[in-house]
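Residue strings, one per chain:
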Amino acid sequence: MAYTDTVRAETPLLEITGLSKSYGRHRVLTDLDLTLPPGIHALLGPNGSGKTTLVNVLSTLIPYDAGEVRVLGLDPRRDRKTLQGLVSLTGQYAAVDEKLSGTENMLMMGRLFGLSRRAAAQRADGLLERFDLTGAAGDRVATYSGGMRRKLDIAAGLIAQPQLIFLDEPTTGLDTRSRQALWDEITALADSGASIFLTTQYLEEADALAERIVVLHDGHIVADGTAAQLKARIGGAAIQLHDDAGHILEEIPTRGSAIDVARHLDAVARARPDVDVTVRRPTLDEVFLELTGEQAGTADQQDQGREGVAA
Ligand SMILES: Nc1ncnc2c1ncn2[C@@H]1O[C@H](COP(=O)(O)OP(=O)(O)OP(=O)(O)O)[C@@H](O)[C@H]1O
Ligand SMILES: [Mg+2]
């Protein structure tokens, strides 16, 4: 596991070519190509698009059928054991032991990753504190709320300070405060040198956190870029005309260049000199709709469960 910082900086986080995966005759991932540098990246897609399947393949949990996969430069098939010591996966559904306390769960995970009892205990205290679980640390997990379990699960996945952290829908089911705390934690982890690959159905989340956003639809990568690049794909800024009450009267698409925006604004100014205008960038929601023909969720819908997400 002699992965020096130099090696890390030069090695792509993920290198995937022609990756396919089927369950029986059902093809779930089709011919995926993807290269990502170290950093925070988001895999965005609706229910059933293949997010969990991809994350499970990359974290060595399940096998794949075809293609080449490198994670931190390692082959999940050949270098499975080494890779398992460098990455952690927090799955979509909390995998904590109900019969144990929060602290005991953390210690168990620490031991699993080969930490000494003392190192595990120290790290467990710090993480429980950061996730606001210190007060409940001695209680059995059976008495925890869903959100508390989720946070404990994520904290446990971080105990060994992995180089690459997979988080499968980490904020689904968390309240606004916990979601923000987790976003802060993810950013702090990245600042300390870890890479994060998270799945989400929420554009807002990908937009807030990720350097690169990979959009998965029906087992295909339909887009891959920065939030700004994805937004640029559906054209430039739009000019909105408002009435006095702020209602949108008209929206005029532009190509986004200064000259094109100016040309349209000029036409508006001549026709309706007193109308209020704003110039706005397309939202990621619009990008998603354009790319997949489906509406993605927004983080606000999380509190209402998944009903808001068309699959
Ligand atoms: N173990 C399995 N056996 C058979 N089919 C599976 C299995 N796991 C997933 N699938 C199928 O693969 C497809 C992709 O599932 P996956 O769980 O990867 O999607 P997802 O994007 O994570 O969805 P969600 O947002 O609901 O978590 C779905 O059609 C699902 O039914
Ligand atoms: Mg999933």
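Going by the structure above, here's the rest.
Read on for an overview of the structure. (Residues numbered from 1 in each chain as written. Chains lettered and ligands numbered in written order. Predicted model: local features only at pLDDT ≥ 70, side-chain atom pairs only at ≥ 80, totals over all residues. Heavy atoms only, no water.)

## Some points on the coordination of the magnesium ion (ligand 2)
(1) Moving on: Protein-derived coordination of the magnesium ion (ligand 2) comes from T52 (OG1) and Q92 (OE1), at a distance range of 2.0 to 2.2 Å. Within this pair, whereas T52 is found in helix α2 (residues 51–58), its partner Q92 is found in the loop between β5 (87–90) and α4 (102–112), the two being separated by 40 residues in sequence. (Donors = N, O, S within 2.8 Å, 3.2 Å for Na, K, Ca; no water. Helix = DSSP H or I, 4+ residues; strand = E, 2+ residues; numbered from the N terminus.)

## Quick notes on the environment of P273
(1) Moving on: Secondary-structure assignment places P273 in the loop between α10 (258–271) and β12 (276–280).
(2) Moving on: Spatially, the C-alpha atoms of P273 and Y93 are 56 Å apart, while their sequence positions differ by 180 residues.

## Some details on the layout of surface pockets
(1) Moving on: Counted as a void, the largest pocket has a volume near 450 Å³.
(2) Moving on: As for the largest pocket, its lining consists of 18 residues, of which L61, S88, L89, M109 and F113 are closest to the centre.
(3) Moving on: Among the secondary structure elements, those contributing two or more residues to the lining of the largest pocket are α3 (80–84), β5, α4 and α6 (146–157).
(4) Moving on: No other element matches the four residues that β5 contributes to the lining of the largest pocket.
(5) Moving on: Its residues placed into classes, the lining of the largest pocket shows eight nonpolar, eight polar and two charged.
(6) Moving on: Reported here for the second largest pocket is a volume of approximately 210 Å³. (1 Å grid on protein atoms, 1.4 Å probe; cavity = no way out; pocket = protein on both sides within 12 Å on 5 of 7 lines; lining within 4 Å. Points joined across faces, edges and corners; volume = space filled by probe spheres on them. Nonpolar A, V, L, I, M, F, W, Y, C, P; charged D, E, K, R; others polar.)

## Here's the deal with the packing of aromatic side chains
(1) Moving on: Using the criterion set out here, one finds one aromatic pair in the structure.
(2) Moving on: When the centroid spacing of 6.0 Å and the interplanar angle of 80° are considered together, the rings of F166 and F197 count as edge-to-face. Taken together, the residues span a long stretch of sequence, with F166 in strand β6 (residues 164–168) and F197 in strand β7 (residues 195–200) at a distance of 31 residues. (Phe/Tyr/Trp six-rings, centres within 6.5 Å; stacked < 30°, edge-to-face > 60°.)

## Some points on the site of ligand 1
(1) Moving on: By nearness alone, 15 residues border ligand 1, and G48, K51, T52, T53 and Q92 come closest of all.
(2) Moving on: Within the side chain of T52, one N or O atom sits 2.8 Å away from an oxygen atom of ligand 1.
(3) Moving on: Protein contacts shield 64% of the accessible area of ligand 1, which totals 630 Å² for the unbound molecule.
(4) Moving on: Only β2 (26–36) and α2 provide two or more residues apiece to the shell around ligand 1. (Near = heavy atom within 4 Å. Polar contact = N/O pair within 3.5 Å; in protein donor to acceptor, adjacent residues only side chain to side chain. Areas by Shrake-Rupley, 256 points an atom, 1.4 Å probe, with all protein chains shown as cover.)

## What about helix α7 (residues 176–191)?
(1) Moving on: Spanning 16 residues, α7 covers 23 Å between terminal C-alpha atoms, matching the ideal 22 Å at 1.5 Å per step.
(2) Moving on: Within the sequence span of α7, burial applies to S178, R179, L182, W183, E185, I186 and L189. Buried residues of α7, seen end-on, are gathered within an arc of 165° and therefore sit on one face of the element. α7 presents T176, R177 and D191 as exposed residues on the side facing more than 90 degrees away from its buried surface.
(3) Moving on: In this structure, the buried residues of α7 make contact with β3 (40–44), α5 (117–130), α6, β6, β7 and α8 (203–209).
(4) Moving on: Residue G193 follows α7 closely and has a positive phi angle near 110°. (Expected span 1.5 Å × (residues − 1). Buried < 20%, exposed > 50% of the residue type's maximum accessible area, 1.4 Å probe, protein only. Arc of directions from axis to C-beta. Contact = heavy atoms within 4.5 Å.)

## Brief notes about the sheet that holds strand β4 (residues 66–71)
For sheets, the rule is that strands pair by backbone hydrogen bonds, running either parallel or antiparallel.
(1) Moving on: As summarised here, the arrangement of the three strands in space is β2-β1-β4, forming an open sheet in which the pairing is antiparallel. Two strands bound the open sheet, and with one partner strand each, they are β2 and β4. Direction aside, neighbouring strands of the sheet carry axes that sit 25° apart on average.
(2) Moving on: Where strand β1 (residues 14–23) lies against β4, five bridges are found, and the strand directions are antiparallel. Looking at β4, one finds that I16 is bridged to V69. (Pairing = 2+ DSSP bridges. Axes fitted to C-alpha atoms, helices over the stretch in contact; angles between N-to-C directions.)

## Quick look at the pattern of salt bridges
(1) Moving on: Applying the stated rule across the entire model yields 14 salt bridges.
(2) Moving on: A salt bridge links D75 to R78; its shortest N-O distance comes to 4.0 Å.
(3) Moving on: For R78, a relative accessible area of 63% corresponds to the exposed category.
(4) Moving on: The partner of E251 in a salt bridge is R280, and the shortest N-O contact between them spans 3.0 Å. (Salt bridge = Lys/Arg side-chain N within 4 Å of Asp/Glu carboxyl O.)

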